[in-house]
Amino acid sequence: MSKRIGILTSGGDCAGLNAVIRAVVHRAIRGFGWQVLGIHQGTMGLLARPPKFEELDLRLFTGNILRMGGTILGTTNRGDPFAFPMPDGSIADRSPEITEACRELELDALIGIGGDGSLRILRQLAQQGGINLVGIPKTIDNDIGLTEVSVGYDTAVNVATEALDRLQPTAASHSRVMILEVMGRDAGHIALVAGIAGGADVILIPEIPYSMGSVAGKIEQVKADGRNFALVIVAEAVKGTEGAVVTKSHVGGAATYGGVGHELGARIAEATGAETRVTVLGHLQRGGTPSARDRLMASAFGVHAVNLIAEERFDRMVAWQQRGVVDVPLAEAIAAYQAVDVDGAAVRTARGLGICLGD
Ligand code: F6P
């Protein structure tokens, strides 16, 4: 039976989103002859009247979109439809408008590409409005449960590793300690893996509390061993001097993590006498061309999500487990937050290499 499916990207963008959209369109049209509607700006497109969308056909995907960063559909990490900030300052539940838009667009199913927060909201909308939802995990933070990887993570790790590769020679030329602050929200996956791959001497992640004594001791030891520079990588949600995470507020009221690297740089300089410099990698980790691995994940997830719709299996999330694509109950994936396993292989590898984890 012919179907009409919707697809949207929600939450912070990352590399590989366009590769997911392409895979969905290829599978849905080539495999089943369905119609695919791309919803603009995540759930915002479904709150607009008329809803904002475009029909996605194969002519759009002539070769470049697979390689492009960002999302051709646009996205948002603001405006929860269940608690929507209205222009007059009040908060409104606009969720029924989403159900209404899905009916108006005559969607047989919806594919939502999101992180844990977006997938939670989309699932609540689907349960309430009877929307046939399939989720695809994406986030550079790699903190979604029941999947070993989410789209965007591998590219972010590669960008952070390349940053260390570029910091190392300038650190050595100037005999400095370089501090690299990376994203990841409350999970230290990017810092840990990029730190190992990029030869960091110190890796600080939110899952392992650190002491300045331990960090300074490592820097002193590197110096005593005859090396004139050191590399430190720190995850953005590691606690700062005051014992709380460091955040910055943006015009418009939003607050994000960011700034702990500068505090750390000052403290290391104070404790060791070393000259320090700080780089905050920020959104460079989210933009740009997706890695081969992210394109593979994106393609496998997109194809499998369409197959699930063909089998009428909804309320599922596609996932990567043990070298293959599988699907899991969406509710279970959302509930199973995936922080760094402090006894896991990556942490043991770091310790085995003599990298200081701050404890
Ligand atoms: O969740 C993805 C992420 O990039 C986090 O790593 C980071 O803390 C946050 O989004 C930044 O959000 P924004 O795009 O609003 O600055």
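This text follows the structure it describes.
Residues numbered from 1 in each chain as written. Predicted model: local features only at pLDDT ≥ 70, side-chain atom pairs only at ≥ 80, totals over all residues. Heavy atoms only, no water.

K.L.:
Hey, could you run me through the sheet that holds strand β9 (residues 202–204) in this one?
P.N.:
The strands making up a sheet associate through hydrogen bonds between their backbones, and the pairing can be parallel or antiparallel. One open sheet holds the four strands; their spatial order is β9-β10-β8-β13, and the pairing between them is parallel. The sheet is open, and its two borders are formed by β9 and β13 (275–280), each paired with just one other strand. The average angle at which neighbouring strand axes cross in this sheet is 15 degrees, direction not considered. Pairing geometry for β9 and strand β10 (residues 230–235), over three bridges, is parallel. Residue pairing in the sheet places valine 202 in a bridge with valine 232 of β10. (Pairing = 2+ DSSP bridges. Helix = DSSP H or I, 4+ residues; strand = E, 2+ residues; numbered from the N terminus. Axes fitted to C-alpha atoms, helices over the stretch in contact; angles between N-to-C directions.)

K.L.:
Explain helix α7 (residues 212–224) to me, please; I cannot follow it from the model alone.
P.N.:
Structurally, the α-helix is built with 3.6 residues per turn, so residues lying three or four positions apart point the same way. The first and last C-alpha atoms of α7 sit 18 Å apart over 13 residues, in line with the 18 Å expected at 1.5 Å per residue. Those residues of α7 that sit buried are Met212, Ser214, Val215, Ala216, Lys218, Ile219 and Val222. The inward-facing, buried residues of α7 contact β8 (176–182), β9, β10 and α8 (260–272). Glycine 226 lies just past α7 and shows a positive phi near 100 degrees. (Expected span 1.5 Å × (residues − 1). Buried < 20%, exposed > 50% of the residue type's maximum accessible area, 1.4 Å probe, protein only. Contact = heavy atoms within 4.5 Å.)

K.L.:
What's the story with the pairing of strand β15 (residues 324–329) in this structure? I'm lost.
P.N.:
Looking down a regular strand, the side chains alternate between one sheet face and the other. With six bridges connecting them, strand β14 (residues 316–321) and β15 associate as antiparallel partners. Looking at the pairing, valine 318 lines up with aspartate 327 of β15. The hairpin formed by β14 and β15 contains two residues between the paired strands, and glutamine 322 there has a positive phi angle of roughly 45 degrees.

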